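Below are the chains, spelled out letter by letter.
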Amino acid sequence: MSQTVERQYPFWQRLLFSEMLLEKTRAKRVAYIGLMTALCIVANMFLEVKFADVQFSVTIFISMLTGMMIGPMYGFCAVFLGDLIGFIYNSWGFLYMPWVGLSVSFMALFSGLIVNGIKLNVKGGLYIKLALACLVAFFACTVAINSTGFYFYNKAAGFSTAVVEYVESRFGTGVSFFGYCCYRLLFKGQIFNSIFNFALVFLAVPVLNAVKPLGVKIK
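From a predicted model like this one, the values you see are computed outputs, not experimental measurements.

Draft legend 1. Quick look at empty space enclosed by the protein. Applying the stated rule across the entire model yields two cavities of 30 Å³ or more. In this structure, the second largest cavity spans a volume of roughly 30 Å³. For the second largest cavity, the full set of lining residues is Glu-19, Val-115, Asn-116, Lys-119, Lys-217, Ile-218 and Lys-219. Here the lining of the second largest cavity is built from residues that sort into two nonpolar, one polar and four charged.

Draft legend 2. Quick look at the packing of helix 9 (residues 177-187) against helix 10 (residues 190-210). Their axes nearest at 4 Å, the elements helix 9 and helix 10 cross at an angle of 55°. In this view, helix 9 runs oblique relative to helix 10, as classed from their interaxial angle. Of helix 10, the residues touching helix 9 (which contributes Arg-184, Leu-185 and Leu-186) are Gln-190, Ile-191 and Phe-192. Class assignment of the residues belonging to the contact of helix 9 with helix 10 gives a composition of four nonpolar, one polar and one charged.

Draft legend 3. Focus on the packing of aromatic side chains. Across all of its chains, the model carries 18 aromatic pairs by this definition. Taking 6.0 Å as the distance between ring centres and 40° as the angle between the ring planes, the aromatic pair formed by Phe-159 and Tyr-180 counts as tilted. Taken together, the positions of Phe-159 in the loop between helix 7 (125-157) and helix 8 (161-171) and Tyr-180 in helix 9 put the pair 21 residues apart, joining distant regions of the chain. Ring centres of Tyr-166 and Phe-187 lie 5.2 Å apart, and the angle between their planes is 45°; this geometry places the pair in the tilted category. Of this pair, Tyr-166 sits in helix 8 while Phe-187 is found in helix 9, placing the two residues 21 residues apart along the sequence. By relative accessible area, which is 9% here, Tyr-166 ends up buried. Among the aromatic residues, those joined into a ring-pair cluster are Tyr-151, Phe-152, Phe-159, Tyr-166, Phe-177, Tyr-180, Tyr-183 and Phe-187. Over the ring of Phe-17 we find Arg-29, and its NZ or CZ is 4.8 Å from the ring centre.

Draft legend 4. Structural context of helix 6 (residues 98-117). Over its 20 residues, helix 6 extends 27 Å from the first C-alpha to the last, a length consistent with the 28 Å expected when each residue adds 1.5 Å. The buried fraction of helix 6 amounts to 14 of the 20 residues, a majority that puts the element mostly inside the structure.

Draft legend 5. Highlighting a nonpolar patch on the surface. A contiguous nonpolar patch, built from Ile-118, Leu-120, Val-122, Ile-128 and Leu-132 and spanning about 370 Å² of accessible area, is present on the exposed surface. Locating Ile-118 in the fold gives a position in the loop between helix 6 and helix 7. Looking at Ile-118, the relative accessible area reads 31%, which means it is partly exposed.

Conventions we followed
- Residues numbered from 1 in each chain as written.
- Predicted model: local features only at pLDDT ≥ 70, side-chain atom pairs only at ≥ 80, totals over all residues.
- Heavy atoms only, no water.
- 1 Å grid on protein atoms, 1.4 Å probe; cavity = no way out; pocket = protein on both sides within 12 Å on 5 of 7 lines; lining within 4 Å.
- Points joined across faces, edges and corners; volume = space filled by probe spheres on them.
- Nonpolar A, V, L, I, M, F, W, Y, C, P; charged D, E, K, R; others polar.
- Axes fitted to C-alpha atoms, helices over the stretch in contact; angles between N-to-C directions.
- Helix = DSSP H or I, 4+ residues; strand = E, 2+ residues; numbered from the N terminus.
- Parallel < 35°, antiparallel > 145°, perpendicular 65-115°, else oblique.
- Contact = heavy atoms within 4.5 Å.
- Phe/Tyr/Trp six-rings, centres within 6.5 Å; stacked < 30°, edge-to-face > 60°.
- Buried < 20%, exposed > 50% of the residue type's maximum accessible area, 1.4 Å probe, protein only.
- Lys NZ or Arg CZ within 6 Å of the ring centre and 35° of its normal.
- Expected span 1.5 Å × (residues − 1).
- Patch = residues over 30% accessible without salt bridge, like charges linked within 9 Å, V, L, I, M, F, W, Y side chains within 5 Å.
- Areas by Shrake-Rupley, 256 points an atom, 1.4 Å probe, with all protein chains shown as cover.
- Salt bridge = Lys/Arg side-chain N within 4 Å of Asp/Glu carboxyl O.

All quantities given are derived from atomic positions and should not be read as evidence of function.
Spelled out as structure tokens, the structure:
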């Protein structure tokens, strides 16, 4: 009775490509990378709404999916390029803030590493990895990178009256990093935007895997 032996790829290959792409031809790899890069650009150009330092979009979902689909490093580059081109297309008069692009790019990197790098041979293993990817995306990227960048930027520029009043009314102190995160995530609704995007991840990945003609294998 024959037994299929899973091929082991060097770490540097798994850092660049997803496991799915490593099993495909070079032409298909290029096609997938081009497709996901284009999707990142479209998402940043047309599928987001910005209000000052707050944005509502499906960028988190697209970024995480990109890392899972094409791999950590290529996903990072595709997402960063998508954010940059999206900003150039519709900056709405705001300054370019690199920590925004870095936060979603690292979402792709971490998601690619977690989903493709961790082997869980248990029932529901994929969902466990998706949950871990969402937690890392939220705390390491949305909070530690994105919110930190905006906190120090606004601290240097001067916090708005709305931020100061919100923090003072709830904590009775000046604007600390914790107070600013509460304002941005809760009052401005960024946590709800994150939850919506994470829900899309959990819904989309099994559907993509189930549509056989797409050839998607995220496991």
